[in-house]
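# Inside the fold
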Amino acid sequence: MSPIEDAGEFNLIRRLAAISSSSTRFPVITGIGDDAAVYQPKSGMVQVITTDALIEGYHFDFDFYRMDQIGYKAMAVNLSDIAAMNARPVLATMALGLPGSFSMEDLDALYDGLTSAASRYGVQIVGGDTTRSPVLMLSVTVIGEAGKHDLVHRNGAGPGDHICVTGNLGDAAAGLDLLRSHTKPETLGDKVWDVLTTRHLMPVPRLDLVQEWAKKGVRPSALIDISDGLTNEVHHICAASGCGAVLWESKLPVSPELFAGAPKSRTPVDYALNGGDDYELLFTAPCGVLTQMAPDSYTTIGVVTETDVLIHRTDGILEELKAEGHDHFRAE
Ligand SMILES: [Mg+2]
C-alpha cells in the first residue's frame, strides 16, 4: 500500500483530476485546474444546490463498507436530494478529508465509487478540495437544474391530496442492523441478506421518477426524500405545508425480504415508519395528478388533512404519528 502522505497534495489532485475529467456532457467552460469551475446553465432553468457530508465512525465505518461503496453513497445521497426537488443533477464538487495513513489504493477505490455513481446519473465532477483529517470525511456538493415551474418544494401539500411513497420502506435500516451484527443468521437466505444490506450500502436515488414525471408533464404538490425515516419526513411536509395527515399502517409498502429478514428487535412496520436511509421519495398529489403517474411507481399510504398527524393502525386504533426517525443530534 502507498500512503497518500508520500504522494503530496499536487500529485493527489492531479490523480483525482485525471479520473474526473472523463465526462463532458454539460457545458463546462472551465473544469478542474483553475481556481473555480465555470459552467453555463441552460436558459430558462433554475439551479438547485445541495451538500451532504459523510463522516467515518458516524455515517459509516470500515467494518462492513467497501471503500467504493462509501464513495458511491456519498454521491447517491446528494443525488437523492436533487431528485427530492424534482430537479436533474448536473455537476458535483467534493471535499475529501483524508488521514495521512490512508492509502492511494483505497483512495482510488473511493473515487471509483464516487465517479461510478456520478456517471451512472450523468453528473460531471468539476472540482473539489483535499485536506488532512483525523478520520475519513467526504462532503459532496451537487448542482442540478429544473424548469422554474417544475420545482417541487415541501410546502405544497393541500387537504385531500394523497400521500404516496416510491419503493419499499425499512429495508435499509434492517440491513444496517444485520450488518452491525456482523454475521448472517443461519436461518436467513442469501437473497434476503443481499437485498436488505445492499439497500443500506448502495441506495438508489429515485431520479427515474423525476424523469417519468417530466415525460408525462405531471408533478407532485409536495416532495421530500426519505433519509431519516418516513415519520420524520411526513412531519416535515405537514409543518412546511401547514396541514395534517392520516397514514394507514396496512398500506405501508414492506418488502417480503423485510418480513423474512428483519432482526427481531423491531417489527417490520417500525422499520418502515422509522428506519432511515431508504432514499425513496415521499410525495403528495391530488387524485387527478396521481392517475397520470405509472400506477406501479408508487404506493398510496395516506391522505393530507387540515390538522393533526395521525396513523390508522391495523387494529383499528387511530393515534398520533410521532416523528421517531433518525435525529442526527439526539443521543442514541
Ligand atoms: Mg432530503
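Below is a short write-up of the structure. (Residues numbered from 1 in each chain as written. Predicted model: local features only at pLDDT ≥ 70, side-chain atom pairs only at ≥ 80, totals over all residues. Heavy atoms only, no water.)

## A closer look at the coordination of the magnesium ion
Surrounding the magnesium ion are the protein donor atoms Asp81 (OD) and Asp225 (OD), at 2.1 Å. A residue pair is termed long-range when its members are at least 10 positions apart, and aspartate 81 in helix α3 (residues 67-83) and aspartate 225 in strand β8 (residues 222-225) qualify at 144 residues. On the basis of relative accessible area, aspartate 81 is assigned to the partly exposed category, the value being 22%. (Donors = N, O, S within 2.8 Å, 3.2 Å for Na, K, Ca; no water. Helix = DSSP H or I, 4+ residues; strand = E, 2+ residues; numbered from the N terminus. Buried < 20%, exposed > 50% of the residue type's maximum accessible area, 1.4 Å probe, protein only.)

## Topic: the pattern of salt bridges
For the coordinates displayed, the defined rule picks out 13 salt bridges. Two residues, arginine 206 and glutamate 280, come together in a salt bridge whose shortest N-O distance is 2.7 Å. In this pair, arginine 206 is assigned in the loop between α6 (190-201) and α7 (207-216) and glutamate 280 in the loop between α10 (268-274) and β10 (281-285), connecting sequence segments 74 residues apart. Residue arginine 206 is classed as buried on the basis of its relative accessible area, which comes to 15%. Look at glutamate 280 and you get buried, because its relative accessible area is 6%. The structure contains a network of salt bridges with shared partners spanning Asp171, Arg199, Arg206, Asp208 and Glu280. (Salt bridge = Lys/Arg side-chain N within 4 Å of Asp/Glu carboxyl O.)

## Points about the nonpolar core
Membership of the largest hydrophobic core comes to 93 residues, with the highest contact counts inside it found for Met75, Leu107, Leu230 and Leu282. With 9 residues, α3 is the single largest residue contributor to this core. Each of domain 1 (4-147) and domain 2 (162-320) gives at least three residues to this core. Setting aside its immediate chain neighbours within four residues, leucine 282 contacts Ile163, Cys164, Val165, Ala222, Leu223, Ile224, Ile226, Leu230, Glu233, Val234, Ile237 and Ile301. (Core = buried A, V, L, I, M, F, W, Y, C linked by side-chain atoms within 4.5 Å. Domains from an automatic or database assignment. Contact = heavy atoms within 4.5 Å.)

## Points about the packing of aromatic side chains
In this structure the tally under the stated criterion is 5 aromatic pairs. Here phenylalanine 60 and tyrosine 65 contribute two aromatic rings whose centre-to-centre distance is 6.1 Å and whose plane-to-plane angle is 75°, an arrangement assigned as edge-to-face. In terms of burial, phenylalanine 60 and tyrosine 65 fall into one category: buried. Here the aromatic residues Phe60, Phe62, Phe64 and Tyr65 are joined through ring pairs into a cluster of three or more. Above the ring of tyrosine 271, the side-chain terminus of arginine 266 is found at 4.6 Å from the ring centroid. (Phe/Tyr/Trp six-rings, centres within 6.5 Å; stacked < 30°, edge-to-face > 60°. Lys NZ or Arg CZ within 6 Å of the ring centre and 35° of its normal.)

## Re the pairing of β8
Neither face of β8 is exposed, since Ala222 and Ile224 on one face and Leu223 and Asp225 on the opposite face are all buried. Both β8 and β10 contribute to a ladder of 4 bridges, which runs antiparallel. Among the inter-strand pairings, aspartate 225 is bridged to a residue of β10, identified as leucine 281. (Pairing = 2+ DSSP bridges.)

## Observations concerning the environment of glycine 128
By secondary structure assignment, the location of glycine 128 is in strand β5 (residues 124-132). Residue classification places glycine 128 among the exposed residues on the basis of a relative accessible area of 62%. Here the alpha-carbon distance between glycine 128 and aspartate 270, two residues 142 residues apart in the chain, equals 39 Å.

## Some words on helix α8 (residues 230-241)
Across its 12 residues, α8 extends 16 Å between first and last C-alpha, which sits within 8% of the 16 Å expected from 1.5 Å per residue. Those residues of α8 that fall on the buried side of the exposure criterion are Leu230, Thr231, Asn232, Glu233, Val234, Ile237, Cys238 and Ser241. (Expected span 1.5 Å × (residues − 1).)

## Structural notes on the environment of proline 253
Within the fold, proline 253 resides in the loop between β9 (244-248) and α9 (256-261). Taking relative accessible area as the criterion, proline 253 reaches 8% and is therefore assigned buried. In sequence terms proline 253 and threonine 305 are 52 residues apart; their C-alpha atoms lie 21 Å from each other. Leaving out residues up to four positions away in the same chain, proline 253 has contacts with Val165, Gly167, Asn168, Leu169, Thr299 and Ile301.

## Remarks on the pairing of strand β11 (residues 299-305)
Note: strand β7 (residues 162-165) against β11, 4 bridges, orientation antiparallel. Its bridge partner being in β11, cysteine 164 is matched across the sheet by threonine 300. Looking at chain direction, β9 and β11 are connected through 4 bridges and run antiparallel. Within β11, the residue paired with leucine 247 across the bridge is glycine 302.

## Description of the layout of surface pockets
The gaps of empty space that remain are located by a probe, the size of a water molecule, rolled over the atoms. Reported here for the second largest pocket is a volume of approximately 440 Å³. Lining the second largest pocket are 21 residues, with Ile13, Ile32, Gly33, Gly127 and Gly128 positioned closest to its centre. Its residues assigned to classes, the lining of the second largest pocket shows 10 nonpolar, 6 polar and 5 charged. (1 Å grid on protein atoms, 1.4 Å probe; cavity = no way out; pocket = protein on both sides within 12 Å on 5 of 7 lines; lining within 4 Å. Points joined across faces, edges and corners; volume = space filled by probe spheres on them. Nonpolar A, V, L, I, M, F, W, Y, C, P; charged D, E, K, R; others polar.)

## With respect to the packing of helix α5 (residues 171-180) against α6
Look at α5 against α6: their axes get within 7 Å of each other, and the N-to-C directions meet at 105°. Taken together, the axis directions place α5 and α6 in an arrangement best described as roughly perpendicular. Contacts from Asp171, Ala172, Ala174, Gly175, Leu176, Leu178 and Leu179 in α5 reach Trp193, Val195, Leu196, Thr197, Arg199, His200 and Leu201 in α6. Across the contact of α5 with α6, the residue classes tally to 9 nonpolar, 3 polar and 2 charged. (Axes fitted to C-alpha atoms, helices over the stretch in contact; angles between N-to-C directions. Parallel < 35°, antiparallel > 145°, perpendicular 65-115°, else oblique.)

The analysis is restricted to geometry; functional conclusions fall outside its scope.
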